[in-house]
Amino acid sequence: MKTTWRSRLMPTLAGWTVALAMFFPIFWMFLTGFKTEITAVATPPAAIFRPTLENYSAVLQRADYVQFAINSVVVALGSTLVALMLAVPAAYSMAFFPTRRTRDILLWMLSTKMLPAVGVLVPIYLLWRNFGLLDTRVGLVLIDSISVLPIVVWMLFSFFREVPSQILEASRMDGATQGQELMHVLLPLSMPGIAATALLSIILCWNEAFWSLNLTTVKAATLTAFTASFSNPEGLFWAKLSAASTLAIAPILVFGWISQRQLVRGLSFGAVK
Amino acid sequence: MTRGVRTKPLLAPSVAALFVWMIVPLAMTLWFSAEHYNLLAPAKRSFAGLDNYRYLLTGRALWVAMGNTLLLVGLVLAATLVFGTLFTVLLDREFPGRNVCRLLVIAPFFMMPTVSALIWKNMLMNPVFGIFAWITRSAGLGTVDFFAHMPLVAIVVIVSWEWTPFAVLILLPALQSLNKELKEAARLDGAGAVALFWHVELPHLLRPMAVVAMIETIFFLSLFAEIYVTTGGGPGLASTNLAYLIFRDALFDWDVGRASAGGMLAIVLANIVAFFLVRVVGRSLEDLP
């Protein structure tokens, strides 16, 4: 009995030490959001202090913060919606009616994901400028939806393949058209998988930084660009930065925690199940 | 099976979108890279042949940036794989609160890269007000201005913190899929925790580790936001990687030609990695026709 107790103590201690150390920066940010700007830079760092909500009210009262938050929501949801609309039919077709080219198409889609964004920065910037898409939400949705598309297709494909094809065949025997079969049989059956895919896509678009930093300035800038703007002056706005950041990451952290197990297949392109 | 089902209209939108997304910018980058083209003097646009490439390859900046890129990728890969594997093995053990610990460990992966970088830059690594400075000062060691004196190390630390959770996310389910009986048998044969790790768990994790390494490499080759908000590539070129160099050529100097030539080099580099990744992933599709 004693050995079990002993053999449990070590993993418990080690596990909690690692977990708390990894989470500490986030916890500290969360804490700092409730400090005054003066306590935020106190030395030694203040762990005990009188919490204040003034940073949150200051951040929320800034008209531009609300604007950035709305942009983030619109871009993340919009891109996810567009990507799903393109990907669901494609994944459906490849999962249930594979042809000799299916494997090549899937791998080719994956390979487009490997085109480094920075390699095409110049042409995208110029095209967007010429089409008036710079600093617009539509411009950002366009680029985000295409860059998550391969991951979305892959993830849906792997979920759809787990749906027994007999069920679909049965509905076809009953005279369902392809559209009905997709809408009324497959989608309800694979809702958890579609939800997990949507969550991953939202997370990726929400945190996307490269294109929002380079293609937006004011009107369509997202929270990633907004938080980056705190880096410019060595200004002492840590408490406000912390409050704004906590608001910006909280929903995504919750989404990530909820869907952690399903995210794996999207993130690894099905190479690890 | 496929009789009567037209798959082309279902596939076409996705394939077309991705094809345009890939081919148009790629062709434009290739084209621009052979031009003298500066947005500040667009009238003086002319054919350059290989001038832009020659300029980059004979200059110092590209090689410094290449070196930094490889150093960044290599160091972060090593850190995330080592810590990721250790944490995975740890979280695979039964202990009270294990599920909560797992949530805490994977949390950094869901952070916005700009936010992560700023927390580390301001609150942890700041030489005056940061927690690290306070700790080292309290220990009588003096302080280090990470971003001035070891900017690359600072960025490696930040990115490793963000991506170690990714390794855990992928490796933990892989390890948990390892047959419990196999582990039990090894333990009955007298294998200690270390032997179990070396001879049973690590070999089982090698394939997922390779996948982690390749996916991470693709992302790290174009690491950008963390550099953008912390060092701005400096001091000098000390923390400029290939992605940041191209960004600077393009949106600071407005030199379309040179930025595009740099872009082509980045694409070639990424493709070398992608080649291997596609082969590994392709194996998971062997049951397709």
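Conventions adopted
As a convention, each chain's residues are numbered from 1 in the sequence order in which they are written. By the order in which they are written, chains take letters starting at A while ligands take numbers starting at 1. In view of the model being predicted, local features appear only for residues whose pLDDT reaches at least 70, and side-chain atom pairs are presented and counted only at 80 or more, with totals across whole chains, interfaces and linings using the full set of residues. Strands here are runs of E lasting at least two residues and helices are runs of H or I lasting at least four, both read from the DSSP assignment and numbered beginning at the N terminus. In this scheme every C-beta is placed from the backbone, and a residue whose C-beta has 20 or more other C-beta atoms within 10 Å is buried, one with 12 or fewer is exposed, and one in between is partly exposed. Here the contact rule is simple: place C-beta atoms from the backbone, and any two residues whose C-beta atoms are within 7 Å are in contact. The predictor rates its confidence in each residue with pLDDT, a number between 0 and 100. Here the term charged refers only to Asp, Glu, Lys and Arg, the term nonpolar to Ala, Val, Leu, Ile, Met, Phe, Trp, Tyr, Cys and Pro, and the term polar to all other amino acids, Gly among them. Joined through C-beta atoms within 7 Å, a set of buried Ala, Val, Leu, Ile, Met, Phe, Trp, Tyr and Cys residues constitutes a nonpolar core. Inter-axis angles, ranging from 0 to 180 degrees, are taken between N-to-C directions of lines fitted to C-alpha atoms, where helices are fitted over the stretch in contact. By definition in this entry, angles of less than 35 degrees are roughly parallel, angles greater than 145 are roughly antiparallel, angles of 65 to 115 are roughly perpendicular, and the rest are oblique. Crossing handedness: left-handed means the near helix sits turned counterclockwise from the far one by under a right angle, and right-handed means the same turn made clockwise. Multiply 1.5 Å by the residue count of a helix minus one, and that product is the helix's expected span. Each residue is assigned a bend, namely the angle between axes fitted to the seven residues that terminate at it and the seven residues that start at it.

## Description of the overall build of chain B
And step 1. For chain B, the helix and strand inventory stands at 13 helices and two strands.
And step 2. C-alpha atoms of chain B, sized along the principal axes, occupy 75 × 75 × 30 Å.
And step 3. Put simply, chain B has 289 residues, and 46% of those count as buried.
And step 4. Within chain B, contacts between residues separated by at least 24 positions form 70% of all contacts whose residues are at least 6 apart in sequence.

## Side note on the overall build of chain A
And step 1. Per the secondary structure count, chain A includes 13 helices and zero strands.
And step 2. Its helices and strands taken in sequence order, chain A reads α-α-α-α-α-α-α-α-α-α-α-α-α from the N to the C terminus.
And step 3. Principal axes of the C-alpha set define a box for chain A whose edges measure 75 × 70 × 35 Å.
And step 4. Put simply, chain A has 273 residues, and 51% of those count as buried.
And step 5. Sequence-distant contacts in chain A: of pairs separated by 6 or more residues, those separated by 24 or more amount to 79%.

## Some words on the confidence of the model for chain B
Residues and elements named next belong to chain B.
And step 1. In the predicted model, chain B carries a mean pLDDT of 86, and 97% of its residues have values of at least 70.
And step 2. Helix H4 (residues 98-106) holds the highest mean pLDDT among the elements of chain B, 93, whereas helix H9 (residues 180-188) holds the lowest, 80.
And step 3. Two summary scores accompany this predicted model of the complex, namely pTM at 0.88 and ipTM at 0.86.

## Describing the interface of chain A and chain B
And step 1. Taken together, the contact between chain A and chain B spans 86 residues of the former and 84 residues of the latter.
And step 2. The element contributing the most residues to the side of chain A that touches chain B is helix H1 (residues 2-32) of chain A, with 16 residues.
And step 3. Residue classes in the side of chain A that touches chain B are distributed as 62 nonpolar, 21 polar and three charged.

## Here we look at the nonpolar core
And step 1. Among the nonpolar cores identified, the biggest contains 174 residues, and Ala87(A), Ala91(A), Leu156(A) and Phe224(B) are the most heavily contacted of them.
And step 2. A total of 16 residues in this core trace back to one element, the largest contributor, which is helix H7 (residues 137-160) of chain A.
And step 3. Here Leu156(A) is in contact with Ala87(A), Val88(A), Ala91(A), Gly193(A), Ile194(A) and Thr197(A), once residues within four sequence places are set aside.

## So, the packing of H7(A) against helix H1 (residues 8-32) of chain B
Helices that pack against each other are described as a pair by the angle of their axes relative to one another and the distance between those axes.
And step 1. Put simply, H7(A) and H1(B) touch, their axes get as near as 10 Å, and they point 135° apart. Looking at the two axes, H7(A) sits oblique to H1(B). Crossing handedness for the pair H7(A) and H1(B): left-handed. Residues Ile146(A), Leu149(A), Pro150(A) and Val153(A) of H7(A) form the contact with H1(B), whose participating residues are Ser14(B), Ala17(B), Leu18(B) and Trp21(B).
And step 2. Classifying every residue of the contact of H7(A) with H1(B) gives seven nonpolar, one polar and no charged.

## Overview of the environment of Asn241(B)
Residues and elements named next belong to chain B.
And step 1. Looking at where Asn-241 falls in the secondary structure, it is placed in the loop between helix H11 (225-230) and helix H12 (242-251).
And step 2. We classify Asn-241 as buried; it has 31 C-beta atoms within 10 Å.
And step 3. Separated by 174 residues in the primary sequence, Asn-241 and Gly-67 have C-alpha atoms spaced 7.8 Å apart.
And step 4. Not counting residues up to four positions away in its chain, the partners in contact with Asn-241 are Ala-65, Asn-68, Thr-69, Leu-72, Leu-223 and Ile-227.

## Points about unusual backbone geometry
And step 1. Positive phi values are uncommon outside glycine, yet Asp135(A) reaches one of about 60°.
And step 2. Along the chain, the position of Asp135(A) falls in the loop between helix H6 (121-130) and H7.
And step 3. Residue Asp135(A) is classed as partly exposed on the basis of its 16 C-beta neighbours within 10 Å.
And step 4. Located in the positive-phi region is Trp254(B), a residue other than glycine, with phi close to 55°.

## Side note on helix H8 (residues 151-176) of chain B
Residue and element names in this part refer to chain B.
And step 1. With 26 residues, H8 extends 37 Å from end C-alpha to end C-alpha; this agrees with the ideal 38 Å at 1.5 Å per step.
And step 2. The largest bend in H8 comes to about 35°, at Trp-161, with the proline Pro-165 one to four residues further on.
And step 3. For H8, a buried count of 20 out of 26 residues is recorded, marking the element as mostly surrounded by other parts of the structure.

## Digging into the packing of H6(A) against H1(B)
And step 1. Direction vectors running N to C along H6(A) and H1(B) enclose 105°, while the axes themselves pass 8 Å from each other. Our classification of the angle between H6(A) and H1(B) gives roughly perpendicular. For the pair H6(A) and H1(B), contact is made by Val122(A), Pro123(A) and Ile124(A) and by Pro25(B), Met28(B), Thr29(B) and Phe32(B), respectively.
And step 2. Broken down by class, the residue content of the contact of H6(A) with H1(B) amounts to six nonpolar, one polar and no charged.

## Here's the deal with the environment of Val211(B)
And step 1. Position of Val211(B) among the secondary structure elements: in helix H10 (residues 193-221).
And step 2. For the pair Val211(B) and Ile119(B), spaced 92 residues apart in the sequence, the C-alpha separation amounts to 29 Å.

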